[in-house]
Amino acid sequence: MTAQATAPHIGTTAPASNLLLAVDGVTVDFDGFKALNGFSLTLDRGTLRVLIGPNGAGKSTLCDTIIGRVRATSGRVIFKGQDITHLPEHEIVRRGICRKFQTPGVLPGLSVVDNLMIAARRDRRWWSSFRHGVAAEEKARVADILETIGLADRAAAPAGQLAHGEKQWLEIGMVVATRADLLLLDEPTAGMGPAETSQTAALIRRLVGQHTVLVIDHDMSFLEQLDARVTVMHQGQFLKEGSVAAIRADADVAAVYLGRAKEDTHHD
Amino acid sequence: MDMSLRKNTPLSGPLAGIAFGRSLAVPLAVVALGVLAPWLVSAYELNLLARFLAMALLAMGLVLVWGQGGVLSLGQGVFFGLGGYAIAMHMKLAALADGDLPDFMVWSGLDALPWWWVPFKSPLVAILGVVLVPGAVAALFSWAVFRRRVGGVYFALITQALALAFATLLISQQPSTGGFNGLTDFQTLMGVELGTPAAAHGLYWLTLALVVGVFVALRALMASRYGLLLRAIRDGENRIRFLGYDPTPFKVVAFTIGAVLAGLAGALFTLHAGVVSPALVGVVPSIEMVIWVAVGGRNSLAGAIAGTLAVNLAKDGVSSAFPDLWLYALGLVFVLVVTLLPGGLAGLVADAGAAGLGKRLKTLIIGEAK
């Protein structure tokens with residue numbers, strides 16, 4: 001698993017047929033401010049990638065663009081060989097991409113198990129919501145995920161009553177429950193302590209292989225535990241890509257982070 | 001582990017224990033009392049009760065739209081009016097010989113029936129129109145608005161504008177709508193003489209039966225997966241969208257059901273009151289409808305019925321004794337409910353069951369240390 005995560009092209013099939021997502025020269029222009037500026041990225045099936053970069057580098061905008069929340073001014077997003085750049089959001093999700101938001105996006109009024117059931121449901125067309133019954137396979141999957149995220153004994157509790165870290169896990173569970181091929185996890189360890197962070201890293205590493213995972217995070221110790229290939233963004237553009245160790249040692253990356261740190265001290 | 005989706009329905013918890021219970025004793029007793037009402041109260045009181053029960057149909061629709069769907073509509077009067085006018089137009093035409101025009105059209109100098117009146121000669125068209133016209137208008141309108149992702153306060157304002165426009169249109173098109181006076185003076189409905197005690201009893205029981213039927217149906221709908229998703233959309237529309245659901249049709253369905261119930265309510269009200277007019281469908285009545293539900297509890301069907309009956313009984317009492325005071329009293333009630341009782345009467349009953357009424361009153365008066 002570790003070898004696969006650090007070397008995404010490993011495997012028996014050719015890299016081309018293994019391609020899941022290609023972000024192709026995407027620019028997102030917010031009234032003159034280019035949050036993404038001709039950015040490109042490819043992800044192979046079953047791999048884990050970590051995206052880092054200083055605040056404002058465009059990491060969340062990239063996730064937003066892939067999922068259709070923000071529309072590319074130019075460039076394309078290709079998923080499973082099809083152009084999804086202009087599809088409605090729910091259509092993009094149905095093709096197999098699901099995103100965890102920065103602030104936990106659980107449904108507070110619904111129970112933990114109902115949150116997962118809604119996510120796990122395969123038939124998401126409105127008229128099928130009048131049908132009774134839940135597929136045994138969906139139930140089994142939800143029970144399985146409840147165990148994995150450690151919330152089996154809180155299944156009936158309203159999601160709004162969970163602790164912050166538990167909400168994060170529940171949302172990761174929801175994203176996984178959709179069976180999406182590509183999981184976008186935006187700061188999955190925000191607000192977590194060291195113990196919870198390493199549990200989350202272990203959880204994410206278990207997902208890799210079955211899913212392709214793109215993680216955005218800042219926490220260096222978390223990145224080391226994920227031990228994945230890292231892409232560095234800066235000002236909406238690609239800066240570097242490499243192993244965690246290589247990125248840590250990289251002078252350009254250090255300059256970007258330090259430069260930003262310096263600017264921040266000037267501003268504050 | 002219990003994996004049922006049909007848990008935590010809005011009527012579960014202490015309220016269910018008190019108002020409905022595991023046993024059906026309380027609801028059956030209430031319905032039985034309702035069935036016997038023609039022999040228990042005067043003809044005037046029965047007529048009032050029938051009107052209020054008709055309005056309760058609309059109020060239950062608002063529970064679905066506003067309470068469960070989180071969509072505040074300040075334009076339910078429009079759908080109420082569409083239903084009311086549909087049945088009233090039929091009754092005006094049914095009383096006439098072929099080729100004759102309703103009296104108000106003659107007085108306005110019209111020499112032919114407007115084309116959109118013609119289909120309502122048929123009782124079947126009129127009865128279908130009572131539900132289909134408001135339903136179709138609501139579906140098209142809400143689809144156009146929700147797909148553009150207009151919601152919240154903006155949606156409420158648009159619906160209020162709709163109510164204003166509808167009432168203005170009715171008044172301004174006096175020759176074909178009856179104008180400010182509306183439509184009145186009905187004789188028969190499908191050959192049945194209106195105004196006899198038998199007809200009044202029959203219409204009352206019909207209304208009661210519809211209230212019971214709609215209550216049961218909406219309760220099942222709210223407990224279904226559709227209801228769960230509707231509440232989920234209310235609480236986190238974006239999360240639901242990014243789980244692969246399109247929120248628009250869920251909200252359109254709720255809004256349309258609400259409008260159909262409003263149309264039904266309007267038709268029955270028109271039959272009980274013997275009149276439909278712009279004064280019943282404009283901005284103020286539309287806001288009053290929301291207040292019935294706010295008072296009763298916007299997530300409780302039983303609460304909506306109780307709120308409708310309570311507010312309208314109070315209106316009947318207050319406005320006959322002090323006509324000028326009613327709107328002030330209503331405004332005050334609304335402010336009190338919103339600030340002190342967000343769950344309405346239903347919430348009060350639920351809390352009384354959970355914590356004891358005394359404690360709740362104490363909380364109301366001295367506040368809660370939270």
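One numbering rule holds for all chains: residues counted from 1, following each sequence as written. Ligands are numbered from 1 and chains lettered from A, in the order in which they are written. In keeping with the model being predicted, local features are shown solely for residues with a pLDDT of at least 70 and side-chain atom pairs are shown and tallied solely at 80 or more, while totals for entire chains, interfaces and linings include all residues. Side-chain numbers come from the whole structure's heavy atoms, not from hydrogens or water.

Per an unreviewed UniProt entry, the recorded name for chain A is Urea ABC transporter ATP-binding protein UrtD, and the organism is Nitrospirillum viridazoti CBAmc.

Turning to the overall build of chain B, a few remarks are in order. Strands are runs of DSSP state E lasting at least two residues, helices are runs of H or I lasting at least four, and both sets are numbered from the N terminus onward. The secondary structure content of chain B amounts to 16 helices and four strands. The rule is simple: take the accessible area with a 1.4 Å probe, protein chains only, and divide by the maximum for that residue type; under 20% is buried, over 50% is exposed, in between is partly exposed. Going through the 370 residues of chain B one by one, you find that 48% of them count as buried. The criterion used for residue contact is that any of the two residues' heavy atoms lie within 4.5 Å. Considering only residue pairs separated by 6 or more positions, chain B has 79% of its internal contacts joining residues 24 or more positions apart. For chain B, the exposed area adds up to about 16500 Å²; of that, 69% sits on carbon and sulfur atoms. Residue exposure ignores everything except the shown protein chains as possible cover, and the areas themselves are Shrake-Rupley values with a 1.4 Å probe.

Residue and element names in this part refer to chain A. Of all five residues making up strand β7 (residues 182-186), five are buried, and the element is well covered by its neighbours. Neither face of β7 is left uncovered, since the one carrying Leu 182, Leu 184 and Asp 186 and the one carrying Leu 183 and Leu 185 both have all their residues buried. In this structure, strand β6 (residues 97-100) lies alongside β7, joined through four bridges in parallel fashion. Residue pairing across strands places Ile 97 opposite Leu 182, the latter belonging to β7. For two strands to be treated as a pair, DSSP must find no fewer than two bridges joining them. Pairing of β7 with strand β8 (residues 212-216) involves five bridges; the strand directions are parallel. The residue of β8 that forms the bridge with Leu 183 is Val 213. A crossover gets the label right-handed when its path from the first strand over the helix to the second runs clockwise, viewed with the strands pointing away from the viewer. Where the polypeptide runs from β7 across helix α7 (residues 194-207) and back to β8, its parallel neighbour, the crossover connection is right-handed.

Moving on, we come to the environment of Trp 116 of chain B. Residue and element names in this part refer to chain B. Take Trp 116: it is sitting in the loop between α5 (103-107) and α6 (123-146). On the basis of relative accessible area, Trp 116 is assigned to the partly exposed category, the value being 32%. Residues Trp 116 and Ser 176 lie 60 residues apart in sequence; the distance between their C-alpha atoms is 9.6 Å.

This next bit is on the interface of chain B and chain A. On the chain A side, the residues contacting the 29 residues of chain B number 40 residues. As a working definition, buried area equals the accessible area (1.4 Å probe) given up by two parts on being put together, with both sides summed. Summing the contributions of chain B and of chain A, the shared interface buries around 3000 Å²; its carbon and sulfur component is 67%. Where Arg 149 of chain B meets Glu 89 of chain A, a salt bridge forms, and the shortest distance between an N and an O atom there is 2.8 Å. Any pair of nitrogen or oxygen atoms within 3.5 Å is treated as a polar contact; in protein, a donor-acceptor pairing is required on top of that, and neighbouring residues in sequence qualify only through side-chain atoms on both sides. For the pair chain B and chain A, the number of links is eight residue pairs in polar contact (both at pLDDT 80 or more). The set of elements that each furnish at least two residues to the side of chain B that touches chain A consists of α10 (225-241) and α11 (247-273) of chain B. In terms of residues, the side of chain B that touches chain A owes the most to one element, α10 of chain B, which gives eleven residues. Split into classes, the residues belonging to the side of chain B that touches chain A amount to 15 nonpolar, six polar and eight charged. Salt bridge, as applied in this entry: a Lys or Arg side-chain nitrogen positioned within 4 Å of an Asp or Glu carboxyl oxygen. In this count, Pro and Cys sit with the nonpolar residues alongside Ala, Val, Leu, Ile, Met, Phe, Trp and Tyr, while Asp, Glu, Lys and Arg are called charged and the others, Gly among them, polar.

Residues and elements named next belong to chain B. The predictor attaches a confidence to each residue, and that confidence, scored 0 to 100, is pLDDT. In the predicted model, chain B carries a mean pLDDT of 87, and 89% of its residues have values of at least 70. Mean pLDDT across the elements of chain B bottoms out in helix α1 (residues 14-20) (46) and peaks in α11 (97). Contacts from residues 1-21, a stretch scored under 50 in pLDDT, to residues over four places away or in other chains number 50 contacts.

With that out of the way, let us pick up the pattern of salt bridges. Residue and element names in this part refer to chain A. Tallied over the full model, the rule gives 24 salt bridges over all chains. Residues Glu 171 and Lys 100 are paired through a salt bridge, measuring 3.6 Å at the closest nitrogen-oxygen approach. A residue pair is termed long-range when its members are at least 10 positions apart, and Glu 171 in helix α6 (residues 164-177) and Lys 100 in strand β6 qualify at 71 residues. Assigned by exposure class, Glu 171 and Lys 100 land together as buried. Its salt-bridge partner being Asp 252, residue Lys 240 comes within 2.7 Å of it at the nearest N-O pair. In this pair, Lys 240 sits in strand β10 (residues 237-242) while Asp 252 sits in helix α10 (residues 251-267), placing the two residues twelve residues apart along the sequence. Under the relative-accessibility criterion, Lys 240 is labelled partly exposed at 24%.

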